[in-house]
Amino acid sequence: MREKIGQMIQLTGFFFAGSGEETGPAHEMEIPKEVVKNAASILNVVGAGRLKEVQEKYLEENAHKIPLLFMADVIHGYRTILPIPLAQSCSFDPELVKEGAAVAARESAAAGLHVTFSPMADLVRDPRWGRCMESTGEDAYLNGQMARAAVEGYQGASLLDEGTIAACLKHFAAYGGAEGGRDYNSVDISELTLREQYLPAYEEAVKAGTALVMTSFNTINGIPASANRWLNEDILRKQWGFDGVLISDYGAIHELMMHGVAASKEEAGKLAIEAGVDLDMVSPVYGEVLEKLVLDGEVPMELVDRSARRVLELKNRLGLLDAPFRSEKLMEQEAELMHCEAHRASARKLAEESLVLLKNEGILPLRPETMKKNTIALIGPYARSRELYSAWSLFARNEEVTTIEEGLQNAMKDSPEYAGIRLLVEEGCPILDEGEEIVSFRQQLITNDWNERGIDAEEKLTAAVRAAKEADVAILALGEHIQHSGEGACRSQLRLSKAQRELFKAVKAVNPNTVVVLFSGRPLIFPRISAEAGAILQAWRPGTEGGDAVAAVLTGQVNPSGRLSMSFPKAEGQIPVYYNHLRTGRPAVNGTSARFTSTYRDLDGEAAYPFGYGLSYTSFAYGPVKTDKKIYGLEEPMTASATVTNTGERAGYEVVQCYVQDVAGTTARPVRELKGFQKIWLEPGEEKEVSFTITEAQTRIITRSGSCETEPGTFRIFIGKDSRAEGAYAEVEKR
Ligand code: GLC
């Protein structure tokens with residue numbers, strides 16, 4: 001039995017020779033050696049050579065030669081760091097996201113890994129949550145398309161193929177709904193909202209074949225996910241047919257005691273295994289108490305058999321039972337594969353398509369031919385920063401990151417029109433204010449150390465202002481600190497540091513031509529910049545190719561095509577603000593705060609920048625929405641279409657979005673919901689008819705009975721450039 005229980009635990013490398021973690025803090029776990037010798041898996045130990053050594057030493061001890069599974073958080077790239085998932089979703093390009101996941105899989109497999117703890121499909125509406133950076137935003141449909149793309153990219157056609165890794169969908173479920181946007185906090189939502197908004201993306205990833213699912217830290221309506229049989233057995237297994245491995249989040253089974261639903265490890269273990277959790281991630285519970293629970297008749301042996309079998313089936317699906325050193329050929333190419341040209345090209349294209357142009361009063365793209373001073377100033381703490389990745393980029397290397405300065409230098413040296421143009425670069429100010437502290441993901445204390453380093457902030461500011469004065473255009477590279485987002489990085493206010501806001505004011509005062517490039521893992525709040533900057537480019541955390549991608553957009557080599565996958569609030573007090581809200585009995589009138597409507601006395605209810613929004617260097621016009629039938633239903637789906645025209649002088653991508661409003665249901669309906677999108681390329685003057693097929697299933701709702709049903713009624717179809725979809729709509733009846 002101990003061998004089977006061993007297959008149900010994942011430990012840190014600490015217990016395993018060769019992992020490099022054998023030293024360090026002694027683990028207080030009293031897991032029997034017999035169980036450790038049969039452990040299923042270790043996490044976040046990487047490197048072909050190291051993992052080969054760990055596997056060899058482990059197999060020497062393992063009676064049945066069942067190899068270890070190596071899992072890690074490859075959230076957005078392994079060594080070639082892709083844009084964060086929230087940025088990737090702004091590309092509205094699932095094929096490109098899939099290509100990026102395949103790059104991450106190849107590098108991870110070459111480093112000896114078998115599983116990544118990705119994709120995260122948690123729907124998010126609260127930018128205070130530091131983990132929205134790992135999400136793909138506020139829309140169920142887009143989240144589903146992105147989760148599917150990631151699973152397919154990671155897993156390829158078969159997990160027996162070289163260069164693939166198993167996906168682990170997380171955090172099941174609804175972790176993005178944590179109250180107050182606080183990590184580990186409770187989730188209290190109606191079953192209607194859970195099933196219409198939060199669950200669909202997970203279901204899409206399960207249908208795409210994710211090999212694992214991870215339970216979330218949070219309770220859902222009072223029951224922690226790791227003890228939630230309704231969620232894990234009734235929905236995940238029975239309704240969706242998931243037959244892979246359900247792994248807990250880090251220590252989450254043990255935390256059932258903290259949640260107050262288990263008074264002991266025994267109770268926690270019983271709850272978790274009865275709720276179908278197969279693999280206990282780094283908690284002592286299964287390893288210490290499961291055997292006794294079975295021997296005392298508290299837990300049937302079948303549950304242990306069931307979970308052990310699922311883990312062994314996963315190992316078999318990965319080919320590990322026949323070849324414990326899976327991807328051996330690839331592992332020999334580890335060095336040349338990492339951050340190779342082909343991978344960088346994928347990462348760069350994804351970064352370029354993830355950038356969102358929020359504002360542009362004609363300043364962008366940069367026009368060297370109009371520069372009378374022949375000077376561009378690049379100013380700000382991100383001008384030369386290599387930290388363009390995220391707190392989850394566990395395996396990134398700074399020296400492999402192209403900075404914004406380097407990106408601009410590369411773009412300028414390749415273009416003759418920039419001959420003779422100077423690039424002045426000044427840091428201007430630190431990211432953090434004086435006295436501001438952050439504890440990093442790896443628990444280091446990070447502060448603004450300019451004083452200790454003897455850097456005179458006044459001098460730096462003066463130099464930045466001087467550079468701005470001398471320049472035709474001042475580009476400000478600003479943002480939150482890399483450690484301001486990620487796990488355990490929730491924030492109660494979402495503004496830039498005071499020093500950065502002062503820097504913007506000082507630069508703007510001497511140079512009206514100011515472009516702001518923002519680096520963040522979440523929507524930030526920047527009212528003055530929104531009002532006064534000439535242009536704003538949301539760069540997110542763009543990854544190792546970020547410098548070249550941002551430069552390509554600034555210089556016009558690339559026409560920006562990103563569209564927001566998450567709304568930007570105007571103030572923290574507005575949160576949550578998202579596009580597909582219910583109408584209420586007294587809907588706010590767009591952009592106004594009229595009394596006795598659902599808005600604030602001191603602010604309207606509109607986002608600063610809404611879902612689906614993003615500008616281009618060209619313009620697009622939309623024709624009227626047409627439908628192929630006035631009545632549609634179960635047998636025949638409906639097709640809606642509109643003609644889109646590039647009315648500008650430049651070719652570019654347009655993300656054509658199709659929204660549907662259910663005018664009246666037996667439960668209140670969102671103002672509109674995304675039901676389709678197409679990213680199309682149009683040459684200047686070119687027009688294209690874009691069609692969307694809306695199936696009957698896509699407009700089913702959770703009715704008062706709690707079941708997902710078809711309801712007859714009137715539906716309004718919008719086809720437009722963002723979620724405001726102010727244009728005309730077509731009406732169809734559903735029978
Ligand atoms: C963390 C995170 C989860 C991650 C896991 C392993 O606490 O919640 O997303 O995959 O532990 O590092």
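For the structure itself, consult the block above.
Scope of this entry: the structure provided in the associated data block. (Residues numbered from 1 in each chain as written. Predicted model: local features only at pLDDT ≥ 70, side-chain atom pairs only at ≥ 80, totals over all residues. Heavy atoms only, no water.)

1. Quick notes on the sheet that holds strand β23 (residues 652-662)
If you trace the five strands from one edge of the open sheet to the other, you get β21-β29-β28-β23-β24, paired in mixed fashion. Unpaired on one side and paired on the other, β21 (631-632) and β24 (673-682) mark the two borders of the sheet. Across six bridges, the pairing between β23 and strand β28 (residues 713-720) is antiparallel. By the bridge assignment, Y659 is partnered in β28 with F718. (Pairing = 2+ DSSP bridges. Helix = DSSP H or I, 4+ residues; strand = E, 2+ residues; numbered from the N terminus.)

2. Quick notes on helix α21 (residues 546-554)
Within α21, nine of the nine residues are buried, which leaves the element mostly enclosed by the surrounding structure. Considered for burial, the residues of α21 that qualify are G546, G547, D548, A549, V550, A551, A552, V553 and L554. On its buried face, α21 sits against α16 (341-354), α17 (404-413), β16 (473-479), β17 (514-519) and β18 (535-538). Looking one or two places after α21, you find G556, whose phi comes out positive at around 90 degrees. (Buried < 20%, exposed > 50% of the residue type's maximum accessible area, 1.4 Å probe, protein only. Contact = heavy atoms within 4.5 Å.)

3. What about the site of the ligand?
Contacts to the ligand come from 14 residues, most closely from D73, R131, K170, H171 and D249. The separation between an oxygen atom of the ligand and a polar side-chain atom of D73 is 2.5 Å. Surface burial for the ligand is 94%, taken as the share of its 310 Å² of free accessible area covered by protein chains. Residue classes in the shell around the ligand are distributed as seven nonpolar, two polar and five charged. (Near = heavy atom within 4 Å. Polar contact = N/O pair within 3.5 Å; in protein donor to acceptor, adjacent residues only side chain to side chain. Areas by Shrake-Rupley, 256 points an atom, 1.4 Å probe, with all protein chains shown as cover. Nonpolar A, V, L, I, M, F, W, Y, C, P; charged D, E, K, R; others polar.)

4. Quick notes on the sheet that holds strand β6 (residues 212-215)
Spatially, β9-β6-β5-β4-β3-β2-β1-β10 is the arrangement adopted by the eight strands of the open sheet, whose pairing is parallel. One side of each edge strand has no neighbouring strand; the edge strands of this open sheet are β9 (245-247) and β10 (280-281). Relative to strand β3 (residues 69-72), strand β2 (residues 41-43) runs parallel, the two sharing three bridges. Bridge pairing in β3 places I42 opposite F70. Against the sheet, helix α9 (residues 229-239) makes contact with β5 (166-172), β6 and β9, and its axis sits at roughly 150 degrees relative to β9, the strand it touches most. (Axes fitted to C-alpha atoms, helices over the stretch in contact; angles between N-to-C directions.)

5. Description of the side chain of E405
One can find E405 in helix α17. Once residues lying within four places of it in the same chain are set aside, the contact partners of E405 are L378, A383, R384, L423 and V425.

6. Re the packing of α16 against α21
Between α16 and α21, the least distance of the axes is 8 Å, while the angle of their chain directions is 45 degrees. If you check the angle between α16 and α21, you find them oblique. Relative to α21, α16 is oriented so that their crossing is right-handed. Taken together, the residues of α21 that come into contact with α16 (itself represented by R348, A351 and E352) are D548, A549 and A552. Its residues placed into classes, the contact of α16 with α21 shows three nonpolar, no polar and three charged. (Parallel < 35°, antiparallel > 145°, perpendicular 65-115°, else oblique. Left-handed = near helix turned anticlockwise from the far one by under 90°.)

7. Topic: unusual backbone geometry
The linkage connecting L364 with the following residue, P365, adopts the cis geometry, with an omega of -5 degrees. Looking at the secondary structure, you find P365 in the loop between β11 (356-360) and β12 (375-379). P576 follows I575 through a cis peptide bond whose omega is 5 degrees. Of note, P576 is situated in the loop between α21 and β19 (620-622). Phi at S327 takes a positive value of approximately 60 degrees, unusual for a residue other than glycine.

8. Here's the deal with the packing of aromatic side chains
On inspection of all chains with the given rule, the structure shows 24 aromatic pairs. With centroids separated by 5.1 Å and ring planes inclined at 75 degrees, the aromatic side chains of Y184 and F217 adopt a geometry described as edge-to-face. Of this pair, Y184 sits in the loop between β5 and α7 (191-198) while F217 sits in the loop between β6 and β7 (219-220), and the two are 33 residues apart along the sequence. Seen from their ring centres, Y609 and Y613 are 5.8 Å apart, and the 35 degrees between their planes marks the pair as tilted. In this structure, Y609 and Y613 share a single accessibility class: buried. Through successive ring pairs, a cluster of aromatic residues spans F92, Y141, Y579, F611, Y659 and F677. In this arrangement the basic side chain of R125 is found over the ring face of Y578, its NZ or CZ atom lying 3.7 Å from the centre. (Phe/Tyr/Trp six-rings, centres within 6.5 Å; stacked < 30°, edge-to-face > 60°. Lys NZ or Arg CZ within 6 Å of the ring centre and 35° of its normal.)

9. Here's the deal with the environment of S118
Topologically, S118 is positioned in the loop between β4 (115-116) and α6 (140-155). As a C-alpha pair, S118 and I75 span 43 residues in sequence and 5.7 Å in three-dimensional space. When neighbours within four sequence positions are excluded, S118 is seen to be in contact with V74, I75, Y154, A167, C168 and L169.

10. Some points on the nonpolar core
Core analysis: the largest hydrophobic core is formed by 152 residues, its most contacted members being L212 and Y286. Of all the elements, helix α12 (residues 285-295) adds the most residues to this core, at six residues. (Core = buried A, V, L, I, M, F, W, Y, C linked by side-chain atoms within 4.5 Å.)

11. Some thoughts on the environment of A457
Topologically, A457 is positioned in helix α18 (residues 457-470). Taking the relative accessible area as the measure of exposure, A457 reaches 41% and is therefore partly exposed. Along the sequence, A457 and A396 sit 61 residues apart, while their C-alpha atoms lie 30 Å from each other.

12. Here's the deal with α9
Listing the buried residues of α9 in full gives L231, N232, E233, I235, L236 and R237. Looking one or two residues past α9, G241 carries a phi angle of roughly 75 degrees, positive in sign.

13. Focus on the pairing of β5
Within β5, seven of the seven residues are buried, which leaves the element mostly enclosed by the surrounding structure. Two strands pair when backbone bridges link them, and β4 and β5 are joined in this way by two bridges, in the parallel orientation. Counted as the bridge partner of V115 is A166 from β5. Sheet topology places β5 next to β6; three bridges connect them, and they run parallel. What sits directly across from C168, in β6, is L212.

14. Quick notes on the packing of α6 against helix α8 (residues 200-207)
Relative orientation of the contacting elements α6 and α8 amounts to 25 degrees, with a least axis distance of 8 Å. Classified by the interaxial angle, the pair formed by α6 and α8 is roughly parallel. The handedness of the crossing between α6 and α8 is right-handed. Seen from α6, the contacting residues are A140, N143, G144, A147, R148 and V151; seen from α8, they are P200, A201, E204, A205 and K207.

15. Topic: the pattern of salt bridges
One pass over the full model with this rule turns up 48 salt bridges. R422 is the salt-bridge partner of E470, the closest N and O atoms lying 3.5 Å from each other. Of this pair, E470 sits in helix α18 while R422 sits in strand β13 (residues 422-426), and the two are 48 residues apart along the sequence. Counted as one network, the salt bridges with shared partners bring together K98, R148, E152, E204 and K207. (Salt bridge = Lys/Arg side-chain N within 4 Å of Asp/Glu carboxyl O.)

16. Concerning the pairing of β23
Counting buried positions along β23 yields 10 of 11 residues, so the element is predominantly enclosed. Across nine bridges, β23 lies against β24 in antiparallel orientation. Looking at β24, one finds that V656 is bridged to Q678.

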